[in-house]
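Listed here are the chains, written in short residue letters.
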Amino acid sequence: MAVNTPIVNGTSYATVVAYSKDSYQKAVEFYSKLLELSVSTGGVCSENETLLSNATIAVKVSLQENNNKQAEIDNQIKYLTSIAKTNDWRSHVNQSLVFNTTDLSSLQDAFKQLDYPNQAFPSDLLPMQLYTIDPLGNIIGVTSTKNAVSTKSNLPGATTVTGTAAVTATQTPGSVSKNHSFTDLSYLVKTSNNYPSLPKDNTPLAEKKAIAVMTSGGDAQGMNSNVRAIVRSAIFKGCRAFVVMEGYEGLVKGGPDYIKEFSWEDVRGWSAEGGTNIGTARCLEFRQREGRLLGAQHLIEAGVDALIVCGGDGSLTGADLFRSEWPSLINELLENKRISKEQHTRYQHLNICGTVGSIDNDMSTTDATIGAYSALDRICTAIDYVEATANSHSRAFVVEVMGRNCGWLALLAGIATSADYIFIPEKPATSSEWQDQMCDIVAKHRARGKRTTIVIVAEGAIAADLTPISTGDVHKVLVDRLGLDTRITTLGHVQRGGTAVAYDRMLATLQGVEAVNAVLDSSADTPSPLIAINENKIVRKPLVESVKLTKAVAAAIQAKDFKKAMSLRDTEFIEHLNNFMAINSADHNTPKLGEEKRLKIAIVNVGAPAGGINSAVYSMATYCMSQGHKPYGIYNGWSGLARHESVRSLDWKEMIGWQSRGGSELGTNRVTPEEADIGMVAYYFQKYQFDGLIIVGGFEAFTSLHQLEKARESYPAFRIPMVLIPATLSNNVPGTEYSLGCDTSLNALMKYCDVVKQSAASTRGRAFVVDTQGGNSGYLATCASLSVGAAASYVPEEGIRLEQLQQDITSLGESFERAEGRNGFGKLILKSTNASKAMSAEDIAKIITAEAQGEFDAKAAVPGHIQQGGIPSPIDRTRATRLAVRAVDFIEKGQSTLEVTRAGDEDYKSDSKELANTASVLGIKGSHVAFTGIRRLYDFETEISKRMPKVIHWEQTRAIADHLVGRKRV
């Protein structure tokens, strides 16, 4: 079976080293047979090198004869083979080389046929990853998962020696990788002992690559995080880091005042600051060739090799034009003697990469742009405030939000706040139609007892004839036709203001790291990449193609081809729009489904409260109503059902306001069905004739679903489609990389950390040790550390080693010594409560203070249940809606599969995979939203005793967080 996709880190070229002729020949044979690689044309590079490849990947086998090293490798292979059945090889080597494949089972058969020693994870029965040993002592893995972790470093042109073999990786030129590079800042790279801990680099200054970053167009929250990540990643990679002040205007003006070299300390604390500290400005001169000539000249004078631009479609279009003209620009500069021949030779190519900073979220091919969710947060906060006063006076409010050619902000705000009506440019109606539609839905809501009316208008809202629709137009209709006391609120630039939310800080940081990787990977033939995100996965997309699709939307709207404009939007946008229309209509209109297809669907909350739980219940119920189903709420969990029959149908009026309410209106606890009395649970399921069940919660909800699925053989009442929507701040539910509530919790913790860090900075020479929740999962501490720039974080997966703690204290002292300005005097250390049973946050603070010997001190800070959040974040609200609607669709589709078994007359085929998969976890995995059967997850992918998944999807984030603060790992 051929490996037909790249190495999991996004690269496609690896080199392995043999230390004897015999092992060299065996290695060539090994990779030829296992990966079905062939010697490429001219593949025998020399007597001591062979290049093996297929259409996607290449492996070079190199011979460097050394008897001593060969003896070490022979002993290593013998040892690894001897422990194959008792120990995990990965814990005995520093790194492994992992390839992706689409057919893991065929490779498993190949391992057996070729008689290679092998290990399978999580089990031989259902493996997700396979490992073997090559003749050079390397651990070689293959995986079919999209998030397999490769521990191979990705330093372009650099070699990492690990005691067995050397491995190098480079990006194959000519194509833009759409895979995330999991080697952003590998923790395997040996770094210095002093703060900041960086790889040792002896490259002369003149030979170092120089990477510049600029922000352009409208400012967006998170741009500072992006600049910080790019500057520090470039320095970590052994490059010089530059910033271009004032956008393209800085390129045109040039000189050290506008193209500045930045140091590690220059971007300290930037993640917590709004706007862009390096400025942004629109520049008419750069639109002319003479302006671009000046830009090229000034970059060459500064010694810049690559440029990363954070901005919108206009800024990125200008960047790619600049790159395409570069050869002619430098030729003209040479002819006019504005640069020397040496400079002309040195700067033949300019590599460009784009990160999208835009609050409108209007860039095609990416699910989110830097600043979009921060702007959405400002909008939702404002509307939540406005609705409170609207309720007091029973008023209507017309709220204008930004979005000239894209209605994403208006649409997502409409879902998150349960707005009555929205106006977006992608879906206009005739002047009479929108007036009738709006008045109809508002009148129905008012008639059912709703005291408030919220209408959201995107600034680019238009009628079908392209006539603009203003807030004044909407105000007039609400007053004249419905007689409502109506007010207008224009949010304006408030939407751009303030600091970035946690999602934007993380997105901007991870994209900044990947942007540096992209320009280092690029060659003269590589198309300019755009760093995007799809669901939960950072990817590279072709910049030109993305911009072209974005501009095609605006062109289609101007051509009145609204169907095409909608089709050009990402599928998630269309899904959100359909969801809004469905939950907004609820039971006010004729149901979509006929009587024979209507179901009784129950929903229950299990576990601790989490932001977005009420949003999920509201969305599930209103979507059920629009379909014609009858939604039931099970109150106070399984114990409420078993002891008090706490179940009743959900009513639209009673749920008004739930979408933006924290906590759990249904009530929740940690009791599982077996603990409550699973027999009584089955009795009430039978009594109410439930056709489907949605569970919203954390690990107890996961266990509950497992218990119900397991009990199907004994209780026919459970032979219904059942789905779990993960909701826990710990984000520890197997089968998903995102849980409702973790974003709300992360924002609450981030804001708390920002406040105590400010206090620490004011005191001077103080660090706070912040205790974070999360059970046995370090997700919350890790992501918060990345968001706030914590000096260190301790998580249960790693524990706290005394050697690491001592190194962190030493680094703290060195960091304080280098601190300049008030921002440099406050430090944070984050500790998961379960990271150590022996040392609390208070204990660690005392140890730090004692070891500091008066140079600085530390205090403990315990945010406690503040981390469960108050009002759910817009991300948790809108994702709750999306997942709830998908859960109902899952239940509808699963009816036919279980129909025959529900009567209980026949033996239930418990070994049927099809039946088992009707009880699933709904999660986000990489770039996909997926349903995964509970039986598979529980049996093969879960560490039950630790209440954790076996694969930690956020593990690589820790390496990035540590390296961006210069932390030395011991």
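Worth saying up front: this structure is predicted, and the values here are computed from it rather than measured.

### A short note on the pattern of salt bridges
Counted according to the given criterion, the structure contains 44 salt bridges. Here Arg-967 ties to Asp-962 by a salt bridge, and the two come within 3.2 Å at their closest N and O atoms. Assigned by exposure class, Arg-967 and Asp-962 land together as buried. Three or more residues are tied together by salt bridges with common partners; here these are Glu-798, Asp-808, Arg-958, Asp-962, Arg-967 and Arg-969.

### As for the packing of helix α13 (residues 502-521) against helix α23 (residues 779-788)
Geometry of a packed helix pair, given as the angle between the helix axes and the separation of the axes. Where α13 contacts α23, the two axes come as close as 9 Å, and the packing angle between them is 75°. Between α13 and α23, the interaxial angle falls into the category roughly perpendicular. Along the contact surface, α13 presents Ala-502, Arg-505, Met-506, Thr-509 and Leu-510, while α23 presents Cys-783, Leu-786, Ser-787 and Val-788. Per-class residue counts for the contact of α13 with α23 are six nonpolar, two polar and one charged.

### Observations regarding the UniProt feature "binding site: Mg(2+)" (unreviewed entry) in the protein
Taken from the UniProt record, the annotation "binding site: Mg(2+)" (unreviewed entry) applies to Asp-313. Along the chain, Asp-313 falls in helix α7 (residues 313-335). Once residues within four sequence positions are removed from consideration, Asp-313 is found in contact with Met-363, Val-547, Thr-550 and Lys-551.

### A short note on the sheet that holds strand β17 (residues 421-423)
Taken in spatial order, the four strands make up an open sheet running β17-β18-β16-β19, and their pairing is parallel. Two strands lie at the open edges of the sheet, namely β17 and β19 (486-490), each paired on one side alone. Looking at each pair of strands side by side, their axes are set apart by 15° on average, direction ignored. Taken together, the three bridges between β17 and strand β18 (residues 453-458) define a ladder with parallel strand orientation. The residue of β18 that forms the bridge with Phe-423 is Val-457. Each of β16 (396-401), β18 and β19 is contacted by helix α9 (residues 372-393), which is oriented at about 165° to β16, the strand it contacts most.

### Concerning the packing of aromatic side chains
Using the criterion set out here, one finds 21 aromatic pairs in the structure. Centre to centre, the rings of Trp-638 and Phe-685 are 6.3 Å apart; their planes meet at 40°, and the pair counts as tilted. Of this pair, Trp-638 sits in helix α18 (residues 637-644) while Phe-685 sits in helix α20 (residues 678-688), placing them 47 residues apart in sequence. Trp-638 gets classed as buried once you look at its relative accessible area, which sits at 0%. Ring-pair connections join several aromatic residues into one group, and the members of that group are Tyr-632, Trp-638, Phe-685, Tyr-688, Phe-690, Tyr-715 and Phe-718. The ring of Phe-573 carries Arg-569 above its face, with NZ or CZ at 5.6 Å from the centroid. Over the face of the ring belonging to Tyr-635 we find Arg-648, whose NZ or CZ atom lies 4.2 Å from the ring centre.

### Looking at the environment of Gly-492
Position of Gly-492 among the secondary structure elements: in the loop between β19 and α13. Taking relative accessible area as the criterion, Gly-492 reaches 22% and is therefore assigned partly exposed. Considered as a pair, Gly-492 and Lys-831 are 339 residues apart in the sequence and their alpha carbons are 39 Å apart.

### A few points about unusual backbone geometry
Geometrically, the link from Tyr-195 to Pro-196 is a cis peptide bond, its omega value of -10° lying close to zero. One can find Pro-196 in the loop between β10 (166-170) and β11 (210-215). Positive phi outside glycine occurs at Lys-560, with the angle close to 65°. Mapped onto the fold, Lys-560 is located in the loop between α14 (543-558) and α15 (562-568).

### As for the sheet that holds strand β20 (residues 529-534)
An order of β13-β12-β11-β14-β15-β20-β21 is seen for the seven strands of this open sheet, with the pairing classed as mixed. Each edge of the sheet is formed by a strand with only one pairing partner; in this case those strands are β13 (259-262) and β21 (537-542). Direction aside, the axes of adjacent strands within the sheet are offset by 30° on average. Note: β11 against strand β14 (residues 306-311), five bridges, orientation parallel. Among the inter-strand pairings, Met-214 is bridged to a residue of β14, identified as Val-309. Sheet strands in contact with helix α4 (residues 223-236) are β11, β12 (240-244), β13, β14 and β15 (351-356), and its direction is about 180° off that of β11. The strands that α14 touches are β15, β20 and β21; relative to β21, the one it contacts most, it runs at about 85°.

### Let's talk about the confidence of the model for the protein
Confidence in the prediction for the protein averages 89 pLDDT; 91% of positions are at 70 or higher. A low-confidence stretch, residues 146-188 (pLDDT under 50), is modelled with 159 contacts involving residues beyond four sequence positions or located in other chains.

### Observations regarding the pairing of β15
Consecutive side chains of a regular strand alternate in pointing toward one face of the sheet and then the other. Across the six residues of β15, six count as buried, placing the element largely inside the fold. Neither face of β15 is left uncovered, since the one carrying Asn-351, Cys-353 and Thr-355 and the one carrying Ile-352, Gly-354 and Val-356 both have all their residues buried. Bridge analysis of β14 against β15 gives six bridges, and the strand direction is parallel. Within β15, the position partnered with Leu-307 by the bridge is Ile-352. Where β15 lies against β20, two bridges are found, and the strand directions are parallel.

### Focus on the environment of Val-39
Counting through the fold element by element, Val-39 comes out in strand β2 (residues 38-39). Once the C-alpha coordinates of Val-39 and Ser-374 are considered, the two residues, 335 residues apart in sequence, prove to be 51 Å apart.

### Section: the packing of α13 against helix α22 (residues 742-763)
Between α13 and α22, the least distance of the axes is 9 Å, while the angle of their chain directions is 90°. Put simply, α13 runs roughly perpendicular to α22. Contacts between α13 and α22 pair Ala-502, Tyr-503, Arg-505 and Met-506 from the former with Asp-743, Leu-746, Asn-747, Met-750 and Asp-754 from the latter. Along the lines of polarity and charge, the residues of the contact of α13 with α22 split into five nonpolar, one polar and three charged.

### Side note on the side chain of Thr-276
Summarising the element assignment, Thr-276 is placed in the loop between β13 and α6 (289-302). Thr-276 sits in the buried class, given a relative accessible area of 14%. Among the polar contacts listed, one links the side chain of Thr-276 to the side chain of Thr-215, at a separation of 2.9 Å. Residues contacting Thr-276, with those up to four places away along its chain left out, are Thr-215, Asp-219, Met-223 and Asn-224.

### Things to note about the pairing of β20
Burial within β20 is extensive, with six of its six residues counted as buried. Residue alternation in β20 divides its side chains into two sets, Pro-529, Ile-531 and Ile-533 and Leu-530, Ala-532 and Asn-534, and both sets are buried. Bridging between β20 and β21 involves six bridges; their strand directions are antiparallel. Looking across to β21, one finds that Pro-529 is bridged to Pro-542.

### Here we look at the side chain of Asp-305
Within the secondary structure layout, Asp-305 lies in the loop between α6 and β14. Every residue in contact with Asp-305, bar those within four places of it in the chain, is listed here: Lys-208, Lys-209, Ala-210, Arg-346, Tyr-347, His-349, Leu-350 and Asn-351.

### Some details on helix α12 (residues 471-482)
Three- or four-residue spacings in an α-helix give side chains the same orientation, since the helix completes a turn every 3.6 residues. Taking 1.5 Å of rise per residue, the twelve residues of α12 would be expected to cover 16 Å, and the 16 Å separating its terminal C-alpha atoms lies within 8% of that figure. Residues of α12 that are buried: Thr-471, Val-474, Val-477 and Leu-478. The arc enclosing the buried residues of α12, seen along the axis, measures out at 125°, which places them on a common side. Structural note: α12 exposes Lys-476 and Asp-480 on the side pointing more than 90 degrees away from its buried face. The inward-facing, buried residues of α12 abut β16, β17, α11 (431-447), β18 and β19. Backbone geometry just downstream of α12 places Gly-483 in the positive-phi region, at approximately 65°.

### Quick look at the environment of Thr-901
Mapped onto the elements of the fold, Thr-901 is located in the loop between α26 (874-898) and α27 (913-916). Residues Thr-901 and Ala-717, spaced 184 residues apart in sequence, show a C-alpha to C-alpha distance of 9.9 Å. Aside from chain neighbours lying at most four places away, what touches Thr-901 is Arg-719, Tyr-908 and Leu-915. Looking at Thr-901, its side chain comes within polar contact range of the main-chain oxygen of Leu-898, at 2.9 Å.

Reading the values: the criteria
Residues numbered from 1 in each chain as written. Predicted model: local features only at pLDDT ≥ 70, side-chain atom pairs only at ≥ 80, totals over all residues. Heavy atoms only, no water. Salt bridge = Lys/Arg side-chain N within 4 Å of Asp/Glu carboxyl O. Buried < 20%, exposed > 50% of the residue type's maximum accessible area, 1.4 Å probe, protein only. Axes fitted to C-alpha atoms, helices over the stretch in contact; angles between N-to-C directions. Helix = DSSP H or I, 4+ residues; strand = E, 2+ residues; numbered from the N terminus. Parallel < 35°, antiparallel > 145°, perpendicular 65-115°, else oblique. Contact = heavy atoms within 4.5 Å. Nonpolar A, V, L, I, M, F, W, Y, C, P; charged D, E, K, R; others polar. UniProt positions renumbered as here; feature names shortened; annotations may be inferred. Pairing = 2+ DSSP bridges. Phe/Tyr/Trp six-rings, centres within 6.5 Å; stacked < 30°, edge-to-face > 60°. Lys NZ or Arg CZ within 6 Å of the ring centre and 35° of its normal. pLDDT = per-residue confidence, 0-100. Polar contact = N/O pair within 3.5 Å; in protein donor to acceptor, adjacent residues only side chain to side chain. Expected span 1.5 Å × (residues − 1). Arc of directions from axis to C-beta.

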